[in-house]
Amino acid sequence: MNDWTLEPYQFPDDEPGRPLRPRRSHPRASEVGDPQLAPASNAADDGFGRRPEPPRLGPSTEVDGGSGGPFILPRPPNPPRRWGWLWKTMLVLALLVAAGVIGGGVYLQQRFLQNMPELPPQSQLYAFNRAPGIKFFDRHGDLIAARGPRYGDRVRLQDLPAHVPLAFMAAEDHRFYQHGAIDLQAIARATYVNWRAGRVVQGGSTLSQQIAKSLFLTPDQTFERKMQEAALAWRLERMLTKDEVLELYLNRVFFGANTFGVDGAARTYFGKPASQLTLAESALLAALPKAPSRLALTNDMPGALARSRWVLQRMHDTGWISRQEMVAAQAETPALAPTATSTDGPYGYLLDHATTEVLKRIGPNSPDLLVRLSIDPVLQDQAAAILSQVMASDGVTAGAEQAALVTLGPDGSVRAMVGGVDYARSVFNRATQAKRQPGSTFKPFVYAAALEKGVLPTDVRVDGPVRFGDWRPGNYGGGYRGPVTVETALSRSINTVAVKLGAEAGGPALGDIAQRFGLTSIPRNPDLSVTLGAYEVNLLELTSGFQVFQQAGGRLTPSIIEEIQTVDGANVFTRAPSGPLPALDVSYASMMVKMMSKVLGPGGTGARAAFDWPAAGKTGTSQNWRDAWFVGFTAEYVTGVWVGNDDDTPMNRVTGGAIPAQIWRRLMIEAHKGLEVRDFDWLLPDPEPMFDPDPRNGFYQGLASEFANAAVRAEPPPQPLPPSQPQPRDEYDASRPIPEEDIPF
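Residues numbered from 1 in each chain as written. Predicted model: local features only at pLDDT ≥ 70, side-chain atom pairs only at ≥ 80, totals over all residues. Heavy atoms only, no water.

A. Molecular detail of the pattern of salt bridges. What the rule picks out here adds up to 27 salt bridges. Between Asp-153 and Arg-267 there is a salt bridge whose closest N-O contact spans 3.1 Å. With a gap of 114 residues between them, Asp-153 in the loop between strand E2 (143–147) and helix H4 (163–172) and Arg-267 in helix H9 (residues 262–270) connect regions that are remote in the sequence. The salt bridge partner of Lys-598 is Glu-487, with a shortest N-O separation of 4.0 Å. Of this pair, Lys-598 sits in the loop between helix H21 (586–597) and strand E12 (616–621) while Glu-487 sits in helix H17 (residues 486–491), and the two are 111 residues apart along the sequence. A single salt-bridge network, built from bridges that share partners, covers Asp-411, Arg-415, Glu-562 and Arg-575. (Salt bridge = Lys/Arg side-chain N within 4 Å of Asp/Glu carboxyl O. Helix = DSSP H or I, 4+ residues; strand = E, 2+ residues; numbered from the N terminus.)

Put into structure tokens, the structure is as follows:
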């Protein structure tokens, strides 16, 4: 007997917990082959609602005699795979995300990072894109001033008090050591704050991003620049350690006032090295990089102090300083060193111009430089003093606030330049940066073009009513002089004759002669209004244009740089002596000088400028007395003067023959002291007329004068202009429309 032959256990009928049906035992071997019992056994359950799987037998199914194959235990059923579809879906999504990331990276690389600059070697980072320091010397070799960035000494973290780097981290990136090149937390915070404010009030750039932007990129606010900034910051942090990145930032960050680096700022603003900075001074400097030009301590000390108190509060909140240290530093107002507010005196404007010219002639990453200028220091001091004195007295009553002056030597070199009344109040250089209407100061170029067309100084033109389309240019006061010679018309700045001569020469001829004289802002084919100075020029190029007359028709390019050397003595640039380029035939230049000399003579508009030397020049006044000019020359110097207001408001009836002529005369007297008087020794004899004058000319000239007077009487009298819009004496009324047609060009 074995276990398979035992009868199944039978539960008593009253046994508690008995199932509804008794549990069947495993089938006997004799029952396996019974066709009637096998189906019933397979269909029955175990009394608990489960159907047991019968044991499987071996390869032999014979049971007769109790023999057969070995018994094999049943294998449990496989569990149902309910979550298989989810894993497959997640795998597909992961592959799609990976493909999107790779594709997006390729797109960003091709679209935004293709033109990204390469990082220089680590050894060049402190000098990369570093503008050179420049020492300027006058034409005699004496030091004038030092210009260019002020960097100070290179500093290391171990050389600084702990509160110096902590102040900058508190102000710009207090989690600097806790994130990588990009701070996603700061970006998210800034995005939320800016969204709440409706404008940009907070940034999320790290110190690494800031130094990458300042050294390698432009300040453009574009998505491409931000992508490049992030990529460069990542590369920078792969090249340098965190301490090295922080050191690079402290040595290259901009602090305003042309100052770079924490040591340069400490020496500029406080007169001490960065190693001696106090906590209050450190916080004040750390407040500047956010807006260095606006918050520069020489520009907005209250604003910088307010931000420094916020920096100190951040340092306390971060646990870097105690409350007592914060309160003491917030109550302190650091004192500026005297050198912080020093200016370049009368040299400020010319040094700005000279710096621009130097940077045009050197390559990137240049070493510090020594530059010799063409400036005459005595003449420069006199020019600045005279201009300041005249404007402080006559300028106030004349309603004029600004003036500018340029003096050129006979070789085209700039000997003096004053770009305004007070450089400390305004650094805008009105001698080189301002473009203004020259008024009648442009007329000599019109007359020169007319001479090239065959007009002679002794030719007669009628000063009378003239009309081109709807434009009727008139003279100051509305009167006419009748027949006048060309040279008289120039000396008295008669508008109608200038317009007639311009019409005879033609627009292309006027544009061509302006280009030859260096007036590049005049178009090639200007309209007729150019004859009365409607196109804008700057003082330096206008003065240089007049030098063509001084140089017998030859043009010299104005220059302020004589020589550039590195501090090691290597030559970078030397101005080579060169003769003038032909711009006007000497015969025409001779006639022009003689005609322009009468401008300073009796009855000329520039009579107040005359002094003991032979001189020539021209006055000019733009509409409504907004600009007043006088440009003139001797055999030694050419000087141009402009007077007006920056906001273009009219002056009190100031013409070029008044304040500008007065300034010009006083300066030229000083410039020529000790020099032997000499005339223009290259002047030619006046040309002889090609025919004898007709004896009837006098009769016809008188008749033309009568006709002109009759025409004036026939026209209705001109309405008086309101006081706020006066008509200058030698300029046209720009309120009258300039015709676009019917001009005989």
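B. Fine view of empty space enclosed by the protein. One pass over the full model with this rule turns up one cavity of 30 Å³ or more. Each pocket or cavity is described by its volume, and for the largest cavity that value is around 50 Å³. Taken together, Ala-280, Leu-305, Ser-308, Arg-309, Leu-312, Ala-329, Gln-330, Glu-332 and Pro-334 make up the lining of the largest cavity. Counting only elements with at least two residues in the lining of the largest cavity, the list comes to helix H12 (301–317) and helix H13 (323–330). The element contributing the most residues to the lining of the largest cavity is H12, with four residues. Of the residues assigned to the lining of the largest cavity, the class counts are five nonpolar, two polar and two charged. (1 Å grid on protein atoms, 1.4 Å probe; cavity = no way out; pocket = protein on both sides within 12 Å on 5 of 7 lines; lining within 4 Å. Points joined across faces, edges and corners; volume = space filled by probe spheres on them. Nonpolar A, V, L, I, M, F, W, Y, C, P; charged D, E, K, R; others polar.)

C. Structural detail: the environment of Ile-211. Mapped onto the fold, Ile-211 is located in helix H6 (residues 207–216). Residue classification places Ile-211 among the buried positions, given a relative accessible area of 1%. Separated by 38 residues in the primary sequence, Ile-211 and Tyr-249 place their C-alpha atoms 5.9 Å from one another. Every residue in contact with Ile-211, bar those within four places of it in the chain, is listed here: Leu-236, Leu-248, Tyr-249 and Arg-252. (Buried < 20%, exposed > 50% of the residue type's maximum accessible area, 1.4 Å probe, protein only. Contact = heavy atoms within 4.5 Å.)

D. Quick look at H12. With 17 residues, H12 should cover 24 Å at 1.5 Å per step; its first-to-last C-alpha distance of 24 Å lies within 8% of that length. Met-301, Ala-304, Leu-305, Arg-307, Ser-308, Val-311, Leu-312 and Met-315 are the residues of H12 that are buried. Axial view of H12: buried residues confined to an arc of 170°, hence all on one face. In H12, the exposed residues that point more than 90 degrees away from the buried face are Pro-302 and Asp-317. Buried residues along H12 sit in contact with H4, helix H10 (279–286), helix H11 (292–295) and H13. One side-chain oxygen at the N-terminal end of H12 lies 3.1 Å from the backbone nitrogen of Gly-303; it belongs to Asp-300. Just downstream of H12 lies Gly-319, where phi reads positive at about 90°. (Expected span 1.5 Å × (residues − 1). Arc of directions from axis to C-beta. Polar contact = N/O pair within 3.5 Å; in protein donor to acceptor, adjacent residues only side chain to side chain.)

E. Seen up close, the packing of helix H16 (residues 443–452) against helix H18 (residues 495–505). Interaxial distance between H16 and H18 falls to 9 Å at its minimum, and their mutual angle equals 45°. When the interaxial angle is binned, H16 and H18 end up oblique. When the axes of H16 and H18 are compared, the crossing they make is left-handed. Residues Lys-443, Val-446, Tyr-447, Ala-449 and Ala-450 of H16 form the contact with H18, whose own contacting residues are Asn-495, Val-497, Ala-498, Leu-501, Gly-502 and Ala-505. A class-by-class count of the residues in the contact of H16 with H18 yields eight nonpolar, two polar and one charged. (Axes fitted to C-alpha atoms, helices over the stretch in contact; angles between N-to-C directions. Parallel < 35°, antiparallel > 145°, perpendicular 65-115°, else oblique. Left-handed = near helix turned anticlockwise from the far one by under 90°.)

F. Expanded view of the nonpolar core. Core analysis: the largest hydrophobic core is formed by 80 residues, its most contacted members being Val-358, Val-371, Leu-373, Tyr-447, Phe-549, Met-592 and Phe-633. One finds Met-116, Leu-160, Ala-212 and Leu-236 within the second-largest nonpolar core, a separate group that totals 59 residues. (Core = buried A, V, L, I, M, F, W, Y, C linked by side-chain atoms within 4.5 Å.)

G. A look at unusual backbone geometry. Unusually for a residue other than glycine, Trp-625 sits at a positive phi of about 55°. Note on placement: Trp-625 falls in the loop between E12 and strand E13 (627–633). The exposure class of Trp-625 is buried, given its relative accessible area of 1%.

H. Examining the environment of Gln-565 more closely. Within the element layout of this structure, Gln-565 appears in strand E9 (residues 561–566). Among the residues examined, Gln-565 registers a relative accessible area of 26% and is labelled partly exposed. Sequence-wise, Gln-565 and Asp-368 are 197 residues apart; in three dimensions their C-alpha atoms are separated by 8.7 Å. Other than its neighbours up to four places away in sequence, Gln-565 contacts Asp-368, Leu-369, Leu-370, Ala-570, Asn-571 and Val-572. In terms of polar contacts, Gln-565 uses its side chain to reach the side chain of Glu-563, at 3.3 Å.

I. Inspection of the sheet that holds strand E4 (residues 402–408) at higher detail. An order of E5-E4-E14-E13-E12 is seen for the five strands of this open sheet, with the pairing classed as antiparallel. Because the sheet does not close on itself, it has two edges, and the strands there are strand E5 (414–418) and E12. Each strand axis lies, on average, 5° off the axis of its neighbour in the sheet, ignoring direction. In the packing of helix H22 (residues 659–671) onto the sheet, the strands contacted are E4, E13 and strand E14 (638–644), and the crossing angle to E14 comes to about 145°. (Pairing = 2+ DSSP bridges.)

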